[in-house]
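Structure at a glance
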Protein chains: 2
Amino acid sequence: MPPRETMPEGSVAMETNINKHSYPRLMPDGSILFRLRAPEAQRVQIDICGEKYDMQRDDNGVWSGQCAPQVPGFHYYALIVDGVSVTDPASETYYGCGRQMSAVEIPEKGVDYLEIKDVPHGKVSTVRYYSQVTQSWRELCVYTPASYDTNPDKRYPVLYIQHGGGEDHRGWMQQGKTDIILDNLIAEGKCKETIVVSTNSNVTAGMGGYKWEGMLPFRSELIDNVIPFIDKKFRTLADREHRSMCGLSMGGGQSFYIGLRSLETFSAVGIFSTGMFGGINGAASMEIDKEVPGLLSNAKEYNDKLKVLLITCGEQDMRIEHNKRVVKQMKDNGLEVVFESFAGDHEWQPWRKSLWRFMQML
Amino acid sequence: MPPRETMPEGSVAMETNINKHSYPRLMPDGSILFRLRAPEAQRVQIDICGEKYDMQRDDNGVWSGQCAPQVPGFHYYALIVDGVSVTDPASETYYGCGRQMSAVEIPEKGVDYLEIKDVPHGKVSTVRYYSQVTQSWRELCVYTPASYDTNPDKRYPVLYIQHGGGEDHRGWMQQGKTDIILDNLIAEGKCKETIVVSTNSNVTAGMGGYKWEGMLPFRSELIDNVIPFIDKKFRTLADREHRSMCGLSMGGGQSFYIGLRSLETFSAVGIFSTGMFGGINGAASMEIDKEVPGLLSNAKEYNDKLKVLLITCGEQDMRIEHNKRVVKQMKDNGLEVVFESFAGDHEWQPWRKSLWRFMQML
C-alpha cells in the first residue's frame, strides 16, 4: 500500500464528494483543488462559475488544478477532457444545465439555516402522477413536515415551488435543501408547517418564452393536473388562502404569470431572480400591467387578494437592476410588494435564502 | 434551422435519456446507437456490460458508435474519452460502480411487472436519520404503499432491502423500480401491502469482507439504528413475524449473515446473486454451518423460525453454480430453501424479478 498522502493544511473534502473521495478539496481561502486521472488526455480543465482553469499533468497521468476562491454556496461545475465537458467521477451529480452536473458546496460562515440539526425532520417523497398535458406518467417531489406522519388529522397549507431553466423537480429538494430549510424554520417556530410541492415544468419542447401564451401548457400542468392530484393525495388545506407559489429564474417568471394571474388559486407569490423583467430577453420595457392585467392600474384589487408578494434577486446577479426598477414601478403604482436582495450571483445561495425569507412571510 | 434528421427505422430513444435527447437509441435487434460531440478528442469508446466499442468521428466532430445487441434490462454504461471513463451527458445518472454512471433500459417483451400502470401508486421517501455507527446524519429510502396515506390506522410489515457493492440506498428505488413492482403486485392482490426500507450499507471504508466480523458495523447500523428509527417514524408491525430482509450481491451476503443470524429480528430472508458462496473470493468451501451456526446441523430450528428462505441467481451469472451447490447442501441437510434462477447476468433484471418473486412468498 502506498504511503497515505498528506493533504494540504486546512483543506477539507467537499461534502458533495461521493465514495469517500479526497478531491475536490476546499482550501481555507475558498479556492478548490481538483484531481482527475487521465493519462492519455492532452488537456484537462476545470469549468466552474463561468471560468475555465487549466489542470496540470503529473508523471502518473493524474491531473491537478485549482480554481480561484469561490463565494459560499452551491456551484455547478464540469471537467473538460480534450474539449468534452464531463462530470467529475468524484462528485455527486445534480440535474442542471439540461444535464447531470457535478457540484461543490461551500459552507457559509455565520449562518446555520442549511445545517442538518437535531430537530424533527420531515421527508421528501417522489410521487408519480399522470399528466393530461404530456399524456404520460411523470414524477414530482413533495416535502411533508415531521408532524405530517404523527398527526393524521392535521391538514397543511401548500407551497408550489418551481426550479429554473435546465433544472427539474429535483432541484429545490437536492440543490435547494428545501427540507433542511423548512425543518429548521418549523423547529424554531418561524414558519407555518407547510407542504412543499416541486413540479417538473419542462412540459414543452422549448421554454415557451416569457409571454402568457408560452406559460399556458405549464399553467395547465400545474393548476389542472398537479394541484387536484396533490389535494387528493395529501392532507392539504385546499383553498387559495392556504396555497402559494414561488420559483427561481424561469420558475420566477412562471410565478409572475401563473401565480399573479391565478389569484383564485394562490394567495401569495414569490418571484426569485427572474430575468423576465429585462436583462435576458431584452424585455426592459415589459408592460407588466398588460402581462398581468391591472397589476399596476388596479393595484388595490391585487393588494386585497395577495397576502404576500415577494421579489428577490442576488446582489451580484445582472438581473437585479431590472428587478429593482420593476419593484419601484410597482410601489409607485401602490402595489404592495417586498423586495429583498442577498449576496450572490444567479445561483442557489440567494434562492435558498429567498425560500427561507418567503416561508417566514407566509 | 438544419433539416430534421431522419432516425434509423424502428429505433427509439432510450427511456433513460434526459432533456429529450434522441441518442442513445435502441435498435429493433437490441443493439444501441450512441453519439457524442467531441471535436478535439482522439478516441471515443462505448463501455457497456464489460465490452468496449470504438466510436467513429464525422466531419463535424460528432462521434457515433453501436454496441452489440443487449439482453433486456438495465445496463450501466460509460463513454471513454481519450482514456477517461465518463458519463454520457444525454443519460440520466445512477449511483453504481462507486460513482454516478450512465445507463440504458431495454424493455423485456412479454412481461409488464415493470410498467407504470393506472393502479394506486405508493411513494418513495428520502428520510434523514442520525447514525451512531457513522456518527453522522445519513439518508435512507422508504417505499410506502398507496394505502399508507389513506388508511391512517393501518400498520404494515417491513422489508429491509440491500443494494450491491458500489451502489447505495437509491439503487433499489431507481435502478430496481421497487415502487412499480410493489404497486403492481399489490394492485393484483399478489403480495401483502409492505413498507420497503433501503439503507446505505457503505458504513465502513471497505466492504468488511464476507465474514461475520466484517458484517458487524452494518449489522449495528441496520438493527440498532435503522430498525428502531423506522419503527418509530412509520406505522410498522414491529415484530419479527412482520419483518424480512433481502439483498443483491453484497446485500445478499449481508442478508445471509445478518438476516439468518438475527432470527429474533427477521422471519424471512432473500439472498440474490451473492458471490459469497464462491466464485468471487474463492470461498468455494465456505463452511456455512460455521458462518451461520447450526444452519445445516440444526436445520429444524431454522425451519421453525424462517417463514421464507429464497436464494436466487441470474442464469448467466458465474455465481450460479456455487449458489446451486450451496442450495443442494442446504436441502441435503433438511433446510427448507427455495431456489429460483432468472435469465440474465449479474445485473438488475434478475434482481427485480427476485424481489417480485420474494414479495409473493411473504
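Up top is the structure.
Computed from a predicted structure; not experimentally measured.

Reading the values: rules and limits
- Residues numbered from 1 in each chain as written.
- Chains lettered and ligands numbered in written order.
- Predicted model: local features only at pLDDT ≥ 70, side-chain atom pairs only at ≥ 80, totals over all residues.
- Heavy atoms only, no water.
- Helix = DSSP H or I, 4+ residues; strand = E, 2+ residues; numbered from the N terminus.
- Rg over C-alpha atoms; globule rule 2.2 N^0.38 Å.
- Buried < 20%, exposed > 50% of the residue type's maximum accessible area, 1.4 Å probe, protein only.
- Contact = heavy atoms within 4.5 Å.
- Areas by Shrake-Rupley, 256 points an atom, 1.4 Å probe, with all protein chains shown as cover.
- Salt bridge = Lys/Arg side-chain N within 4 Å of Asp/Glu carboxyl O.
- Polar contact = N/O pair within 3.5 Å; in protein donor to acceptor, adjacent residues only side chain to side chain.
- Nonpolar A, V, L, I, M, F, W, Y, C, P; charged D, E, K, R; others polar.
- Axes fitted to C-alpha atoms, helices over the stretch in contact; angles between N-to-C directions.
- Left-handed = near helix turned anticlockwise from the far one by under 90°.
- 1 Å grid on protein atoms, 1.4 Å probe; cavity = no way out; pocket = protein on both sides within 12 Å on 5 of 7 lines; lining within 4 Å.
- Points joined across faces, edges and corners; volume = space filled by probe spheres on them.
- Pairing = 2+ DSSP bridges.
- Least-squares fit on C-alpha atoms with pLDDT ≥ 70 in both.
- Phe/Tyr/Trp six-rings, centres within 6.5 Å; stacked < 30°, edge-to-face > 60°.
- Lys NZ or Arg CZ within 6 Å of the ring centre and 35° of its normal.

For chain A, the count of helices and strands is eight helices and 19 strands. Whereas a compact globule of 362 residues would reach a radius of gyration of roughly 21 Å, chain A reaches 22 Å, a difference of no more than 12%. By its C-alpha atoms, chain A is 70 × 50 × 45 Å across when sized along the principal axes. Going through the 362 residues of chain A one by one, you find that 59% of them count as buried. Sequence separation of at least 24 residues holds for 68% of the intrachain contacts in chain A that already meet a minimum separation of 6. When the accessible surface of chain A is summed, it comes to about 14600 Å², and 49% of that surface belongs to carbon and sulfur atoms.

Our focus in this paragraph is the environment of P228 of chain A. Summarising the element assignment, P228 of chain A is placed in helix α3 (residues 212-233). Measuring from C-alpha to C-alpha, the distance between P228 of chain A and P120 of chain A comes to 28 Å, with 108 residues separating the pair along the chain.

With 44 residues of chain A at the contact, the number on the chain B side is 44 residues. For the pair chain A and chain B, the number of links is four salt bridges. Residue R128 of chain B is joined to D179 of chain A by a salt bridge in which the shortest nitrogen-to-oxygen separation is 2.8 Å. On inspection of chain A and its partner chain B, the count reaches 15 residue pairs in polar contact (both at pLDDT 80 or more). Of the residues contributing to the side of chain A that touches chain B, the split by class is 18 nonpolar, 12 polar and 14 charged.

Let's shift gears to the packing of helix α2 (residues 178-187) of chain B against helix α8 (residues 348-361) of chain B. Residue and element names in this part refer to chain B. Contact pair α2 / α8: the axes reach a minimum separation of 10 Å and the direction vectors enclose 35°. As α2 packs across α8, the resulting crossing turns out to be right-handed. Here α2 contributes T178, I181, L182 and L185 to the contact with α8, which in turn contributes R352, L355, W356, M359 and Q360. Partitioning the contact of α2 with α8 into residue classes produces six nonpolar, two polar and one charged.

Inspection of the entire model under this criterion finds two cavities of 30 Å³ or more. Lining of the largest cavity is provided by T87, D88, P89, S91 and T93 of chain A together with S85, V86, T87, R99 and Q100 of chain B. At the level of secondary structure, the elements contributing two or more residues to the lining of the largest cavity comprise β9 (84-86) and β11 (99-106) of chain B. Taken together, the residues that form the lining of the largest cavity break down as two nonpolar, six polar and two charged. Considering only enclosed or pocket space, the second largest cavity measures out at about 30 Å³ in volume. Looking at the lining of the second largest cavity, the elements that each hand over two or more residues are β9 (84-86) and β11 (99-106) of chain A. Of the residues belonging to the lining of the second largest cavity, the class tally is two nonpolar, four polar and two charged.

All names here are of chain B. As paired strands, strand β4 (residues 44-48) and strand β5 (residues 51-54) are joined by four bridges and run antiparallel to one another. Bridge assignment links I48 to a residue of β5, and that residue is E51. Taking the residues that link successive antiparallel strands as the turn, the β4-β5 hairpin has two residues, and the phi of C49 there is positive, at about 50°.

Glancing now at the relation of the copies chain A and chain B. The transformation that overlays chain A on chain B combines an axial shift of 0.0 Å with a rotation of 180°, and the residual RMSD is 0.0 Å. Interpreted geometrically, this transformation is the action of a two-fold axis. For chain A, the minimum C-alpha distance to the rotation axis belongs to S125 of chain A and amounts to 2.0 Å. Mapped onto chain B, 100% of the interface residues of chain A again fall at the interface, so both copies present the same surface.

Strand pairing in a sheet relies on backbone hydrogen bonds, with the paired strands running either antiparallel or parallel. Residues and elements named next belong to chain B. Read from one edge of the open sheet, five strands run β1-β2-β3-β7-β6, paired in antiparallel fashion. One side of each edge strand has no neighbouring strand; the edge strands of this open sheet are β1 (12-13) and β6 (56-57). Both β1 and strand β2 (residues 25-26) contribute to a ladder of two bridges, which runs antiparallel. Of the residues in β2, the one forming a bridge with V12 is L26.

Turning our attention to the packing of aromatic side chains. One pass over the full model with this rule turns up 32 aromatic pairs over all chains. Aromatic pair F256 of chain A and Y257 of chain A: ring centres 5.2 Å apart, planes at 85°, arrangement edge-to-face. Relative to W137 of chain B, the ring of Y130 of chain B lies with its centre 5.3 Å away and its plane at 75°, an arrangement referred to as edge-to-face. Y130 of chain B sits in the partly exposed class, given a relative accessible area of 33%. Judged by its relative accessible area of 26%, W137 of chain B falls in the partly exposed class. Ring-pair connections join several aromatic residues into one group, and the members of that group are W172, F272, W348, W351 and F358 of chain A. Here R235 of chain A stacks its cationic end above the ring of Y148 of chain A, 4.0 Å away from the centre of that ring.

Here we take up the layout of surface pockets. All names here are of chain B. Within this model, the second largest pocket holds a volume of roughly 660 Å³. Taken together, 31 residues make up the lining of the second largest pocket; nearest its centre are Y76, C97, H346, E347 and W351. When contributions to the lining of the second largest pocket are tallied by element, the ones reaching two or more residues are β4, β8 (73-81) and α8. Sort the elements by how many residues they give to the lining of the second largest pocket and β8 lands first, with five residues. Looking at the lining of the second largest pocket residue by residue, the class counts come to 16 nonpolar, 10 polar and five charged.

On their own, these measurements won't tell you what the molecule is for.
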